[in-house]
Amino acid sequence: MKELPKSNRYFIIEANGGLNQQRLSICDAVAVAGLLNATLVIPIFHLNSVWRDSSKFGDIFDEDFFMYALRNKVNVVRQLPEDILERYNYNISSIVNLRLKAWSCPTY
């Protein structure tokens, strides 16, 4: 097994839309986490206003297999570490939030 370099940050994504849009967001998140050498937090799904689906990542995907399949590409964790959650008063919405332009190149 290839040893990944130590990550120095975490990458959280909130995917929305239908299953295909969520899947694309997850694929993009894996790529971006790899480019940033960031640890990917298991994606969060927004409640879709059209579908009214409250499914979580683990309801649709096998989290263990997701982490296993990416083990040589990017670090993945189920949630942020306790010390980081505590720093933000257990409210991840207070963490700096950036929106990326669709179809951005890596230098963006």
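Residues numbered from 1 in each chain as written. Predicted model: local features only at pLDDT ≥ 70, side-chain atom pairs only at ≥ 80, totals over all residues. Heavy atoms only, no water.

The name given to the protein in an unreviewed UniProt entry is O-fucosyltransferase family protein, with the source organism recorded as Saponaria officinalis. A UniProt comment under Sequence similarities (unreviewed entry) is attached to the protein, and it reads "Belongs to the glycosyltransferase GT106 family." (UniProt positions renumbered as here; feature names shortened; annotations may be inferred.)

## Considerations on the overall build of the protein
A tally of regular secondary structure across the protein gives four helices and five strands. Ordered by position from N to C terminus, the α and β elements of the protein give β-β-α-β-β-α-α-β-α. Since a compact globule built from 108 residues should have a radius of gyration of about 13 Å, the 14 Å found for the protein is in line with a globular shape. Expressed as a percentage of the 108 residues in the protein, the buried residues total 25%. Counting only carbon and sulfur atoms, one obtains 54% of the accessible surface of the protein, whose full area is about 8200 Å². Between the centroid of the 12 positive side chains of the protein and the centroid of its 11 negative side chains there is a distance of 9 Å. (Helix = DSSP H or I, 4+ residues; strand = E, 2+ residues; numbered from the N terminus. Rg over C-alpha atoms; globule rule 2.2 N^0.38 Å. Buried < 20%, exposed > 50% of the residue type's maximum accessible area, 1.4 Å probe, protein only. Areas by Shrake-Rupley, 256 points an atom, 1.4 Å probe, with all protein chains shown as cover. Lys, Arg positive; Asp, Glu negative; His and termini not counted. Charge placed at Lys NZ, Arg CZ, Asp CG, Glu CD.)

## Observations concerning helix α1 (residues 19–36)
An α-helical turn contains 3.6 residues, so any two residues separated by three or four positions project in the same direction. In a regular helix each residue adds 1.5 Å, so 18 residues correspond to 26 Å; α1 covers 25 Å between its end C-alpha atoms and thus fits that length. All buried positions along α1 are accounted for by Q22, I26, A29, V30 and A33. Looking straight down α1, one finds its buried side chains confined to an arc of 100°; they lie on one side. Turned more than 90 degrees off the buried face of α1, the exposed positions are D28 and L35. Positive phi appears at N37, one or two residues downstream of α1, with a value of about 50°. (Expected span 1.5 Å × (residues − 1). Arc of directions from axis to C-beta.)

## Some points on the pattern of salt bridges
Scanning the entire structure with this criterion turns up two salt bridges. With its nearest N and O atoms 2.5 Å apart, the salt bridge here joins E63 to R78. One end of the pair, E63, is in helix α3 (residues 63–69); the other, R78, is in the loop between β5 (76–77) and α4 (82–87), with 15 residues separating them in the sequence. Overall, R78 belongs to the partly exposed group, its relative accessible area being 42%. One salt bridge connects D64 with R78, and the closest N-O pair in it is separated by 2.2 Å. Placement of D64 in helix α3 and of R78 in the loop between β5 and α4 is noted, with a sequence separation of 14 residues between them. Counted as one network, the salt bridges with shared partners bring together E63, D64 and R78. (Salt bridge = Lys/Arg side-chain N within 4 Å of Asp/Glu carboxyl O.)

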